[in-house]
Amino acid sequence: MSDTNVLIYIVRHDLRVADNPILDRLASSNDHKFTHLLPVYIISPSQIEVSGFLQDGEKSPFPEARSQIARFWRCGPHRARFIAQSLWNLKENLVILGNDLTLRIGRPGEVLKDLVEGLKEHQKNVSAVWMIGEEGTEERQDESDMAKACSTLHIDLKVWADEKYFIDDQDLKLESPQDLPDVFTTYRKMNEPLRDRPRPTRPRPSEGSLPKPIETSQIPSQPHPFQMPSSLEEFEAALLRPIELELPDIAPMDEGKSAHPFRGGEDNALDRLHYLVRSGHASLYKSSRNGLLGVDYSTKLSGYLAQGCITARQIHEELVRFEDGTDQKYADTDGYGQGENEGTKAIRFELLWRDYMRLCARKFQAKLFYRSGFRNDHSHKWKTWSTDDKNASPRSQPAEDVSATMKRVLEGTTGQSLIDASSRELIHTGYTSNRARQNVGSFLAKHLNIDWRYGAEWYEFMLIDYDVNSNWSNWQYVAGVGNDPRGEARIFNPVKQAFDYDKNGDYVRCWLPEIRKIEKLENLFQPWTTPQEDWERFGLVGLAMAEDPVKKIDFSVEGKPKSSRRPFVRRRGQGRGETGSSNHTLTPPQDLDTNKAPPPASHTTYLTRDGTYNPRGGSRGGGRGYGRGFRGRGYNGPRRGFQGGRGGWQQPPPHAQEFGGAPQGPRSQVGPT
């Protein structure tokens, strides 16, 4: 009988060795009795396309990893690269600690069974499986699958609390998930002062402190028909092979520069954090976070947070070292030792918002993916390209017209330049600013009245920092079916927003080379407004952006809506309970009509001076304060847009026609700091 006692550690979105509760427990105590440790990362074939790992001539036993509604790939090339880099960095760090990382493809229970049986052949007895718990419905189903397999194999399973968030689960002032307030401001006030809330981080294990590794020769190989590459380059190529050709065919990048050129991995996450504090950009965060160009206008830590390469409390702790003046590497940085400032306070605020989105997913569970949202509101008649959709608007365009409109939104040819620039940036880089994400979401759901889930699935495909909780919760928020107190009353004016946040037109000119020659900003932000005599000189003839805009918004340079409507009384709202909000939110009346739809797409839309549409008059407010929109890495979409299988821009198959009730099958988890 073997005297070995093997622990299998199932790695999920916890791709780090520092501040890792499982590794810390193994390194800091000997009473666990484990003689060997086998860390394993399982590539889920329902969330990441795995056909690139097939042996020559073989066929995948799994369906393509496409989204449920629009049939986009679940994970696109930008995030696939980032994940590959993060996994390899974790592998390297585990090797430094005296262990390694094993990669596998398959369903959790089947992978575990194969490993356990294979190790038994080498007299290695697996007695337990440890893994971090997660909130997504698919992730919870994976945990259930693992629990069933462990029960069958007579192995103990322990699911650990996920500690990558700002406030630890055991410190939540909630008796149950249902006690979470439906308004963020209430939750924030429950936890102030935020600087006092996080627990201390856990140390990085020292070399040789973990249980012994399993010899490579004794670890079962990847089962047929897949093969697992041995190098990062080959692994990354296998991930990209089936998906990299399905990005929209758009204008070349030209002078466009990525705001997110960062590689994945724990080491790079920590380097980025240290740079932000040392350079002073963390202190400037509140004033710079709404930028559109450059790598320093926001922290760019959201991708690392989404994959668990870094934790929120690690970020907090580094800020504390700077604020308290206890780390000499920050001694030359302005504000060193002078306590919390507006920038570091704002970062904590956003980390708490990320926590809140995760807790919303815990509270509402599968409603995260319902068209009716957290509000369970079935009254809105969204446009879709499904001819059988009973909840579609009776005034809806024909299905093929909606599909064509969506194609232009995603490819960045709508004629609303801020929207188009964001779409192009996303395709080229896998990233776009939070400010841009809010505008795109509002434009799709409220200006065009198209089912918001198409946008959420596209972001899942495209975003490098996609996170199930943040992405889907924030899309609901902007679409008006989530926990935004203003609901449908919050509609961004993309022209006003462009004037506010792209003051010289640099962002639009960077990503839209076709209209770069346009001189006046009012014409640059809506090319159709350019005088006809200038069209040939600026290259607008034959350009759909100018000749056939998807939406026209009547907006004067002075910022006053061209409307005879009586102006309403407005005030600067505090949003999520903060002053100085850049969202310019307005106070909602008690009889807020959440079923009020925006004007039909065929009409000119009149919007308020502050950049939001006011459907009923009166003052409105109660937004999010700092105004963060979608957080985490979003959706990755196919080259040819909405499709069934590998067709072009097609109507989705019957099984994709979900009408706002429970999803037809398991959904993934589904925004940036």
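Look above for the structure.
Residues numbered from 1 in each chain as written. Predicted model: local features only at pLDDT ≥ 70, side-chain atom pairs only at ≥ 80, totals over all residues. Heavy atoms only, no water.

**A few points about empty space enclosed by the protein**
Then comes step 1: Each pocket or cavity is described by its volume, and for the largest cavity that value is around 380 Å³.
Then comes step 2: Counting only elements with at least two residues in the lining of the largest cavity, the list comes to β1 (6-11), β2 (36-43), α2 (77-96) and α4 (137-153).
Then comes step 3: Here the lining of the largest cavity takes three residues from α4, the largest share from any one element.
Then comes step 4: Here the residues of the lining of the largest cavity are counted per class, giving 11 nonpolar, seven polar and seven charged.
Then comes step 5: For the second largest cavity, the calculated volume is near 100 Å³.
Then comes step 6: Lining the second largest cavity are 15 residues, with E134, E135, K164, Y165 and N469 sitting closest to its centre.
Then comes step 7: Per-class residue counts for the lining of the second largest cavity are three nonpolar, five polar and seven charged. (1 Å grid on protein atoms, 1.4 Å probe; cavity = no way out; pocket = protein on both sides within 12 Å on 5 of 7 lines; lining within 4 Å. Points joined across faces, edges and corners; volume = space filled by probe spheres on them. Helix = DSSP H or I, 4+ residues; strand = E, 2+ residues; numbered from the N terminus. Nonpolar A, V, L, I, M, F, W, Y, C, P; charged D, E, K, R; others polar.)

**Examining the packing of helix α15 (residues 452-462) against helix α16 (residues 468-479)**
Then comes step 1: It is the contact of α15 with α16, at a shortest axis distance of 10 Å, that shows an interaxial angle of 145 degrees. Seen from above, α15 lies across α16 with right-handed handedness. On α16, the residues that touch W452, R453, G455, A456, E457, Y459 and E460 of α15 are N471, W472, W475, Q476 and A479.
Then comes step 2: Among the residues forming the contact of α15 with α16, the class breakdown is six nonpolar, three polar and three charged. (Axes fitted to C-alpha atoms, helices over the stretch in contact; angles between N-to-C directions. Left-handed = near helix turned anticlockwise from the far one by under 90°. Contact = heavy atoms within 4.5 Å.)

**Digging into unusual backbone geometry**
Then comes step 1: A cis amide bond links E192 to the next residue, P193, at an omega of -5 degrees.
Then comes step 2: If you trace the backbone, P193 turns up in the loop between α5 (184-191) and β6 (212-213).
Then comes step 3: Geometrically, the link from H224 to P225 is a cis peptide bond, its omega value of 10 degrees lying close to zero.
Then comes step 4: In this fold, P225 is placed in the loop between β6 and α6 (232-240).
Then comes step 5: Notably, N376 is not glycine yet its phi reads approximately 55 degrees, a positive angle.

**A look at the nonpolar core**
Then comes step 1: Core analysis: the biggest nonpolar cluster contains 124 residues, and Y41, F53, Y187, F235, I315, W452 and W458 have the highest contact counts within it.
Then comes step 2: Residues F499, Y507, L521 and L543 belong to the second largest nonpolar core, which totals 26 residues. (Core = buried A, V, L, I, M, F, W, Y, C linked by side-chain atoms within 4.5 Å. Buried < 20%, exposed > 50% of the residue type's maximum accessible area, 1.4 Å probe, protein only.)

**Considering α4**
Then comes step 1: In a regular helix each residue adds 1.5 Å, so 17 residues correspond to 24 Å; α4 covers 24 Å between its end C-alpha atoms and thus fits that length.
Then comes step 2: Of the residues making up α4, those classed as buried are T137, E138, E139, E143, M146, A149 and C150.
Then comes step 3: Where the residues of α4 are buried, they touch β1, β2, α3 (108-120), β4 (126-132) and β5 (156-160).
Then comes step 4: Immediately beyond the C-terminal end of α4, within one or two residues, lies H154, with a positive phi of roughly 60 degrees. (Expected span 1.5 Å × (residues − 1).)

**Focus: the pairing of β5**
The side chains of a regular strand alternate between both faces of the sheet.
Then comes step 1: Of the pairings in the sheet, the one linking β4 to β5 comprises five bridges and is parallel in character. In the sheet register, I132 faces β5, and the bridge partner there is W160.
Then comes step 2: Read from β4 through α4 to β5, the crossover connection turns out right-handed. (Pairing = 2+ DSSP bridges. Right-handed = clockwise from strand over helix to strand, strands pointing away.)

**A look at the layout of surface pockets**
Then comes step 1: A volume near 450 Å³ is recorded for the second largest pocket.
Then comes step 2: What lines the second largest pocket is a set of 24 residues, and nearest its centre among them are K91, L101, T102, R104 and T216.
Then comes step 3: Of all elements in the fold, only β2, α2 and β3 (102-105) reach the threshold of two or more residues within the lining of the second largest pocket.
Then comes step 4: Its residues assigned to classes, the lining of the second largest pocket comprises 13 nonpolar, eight polar and three charged.

**Considerations on the pattern of salt bridges**
Then comes step 1: A full pass over the atoms with the stated rule returns 41 salt bridges.
Then comes step 2: A salt bridge links D451 to R371, with the shortest nitrogen-to-oxygen separation between them at 3.2 Å. Separated by 80 residues along the polypeptide, D451 in the loop between α14 (434-447) and α15 and R371 in the loop between α11 (342-364) and α12 (399-411) bring together distant segments of the chain. The pair D451 / R371 is uniform in exposure class, with both members buried. (Salt bridge = Lys/Arg side-chain N within 4 Å of Asp/Glu carboxyl O.)

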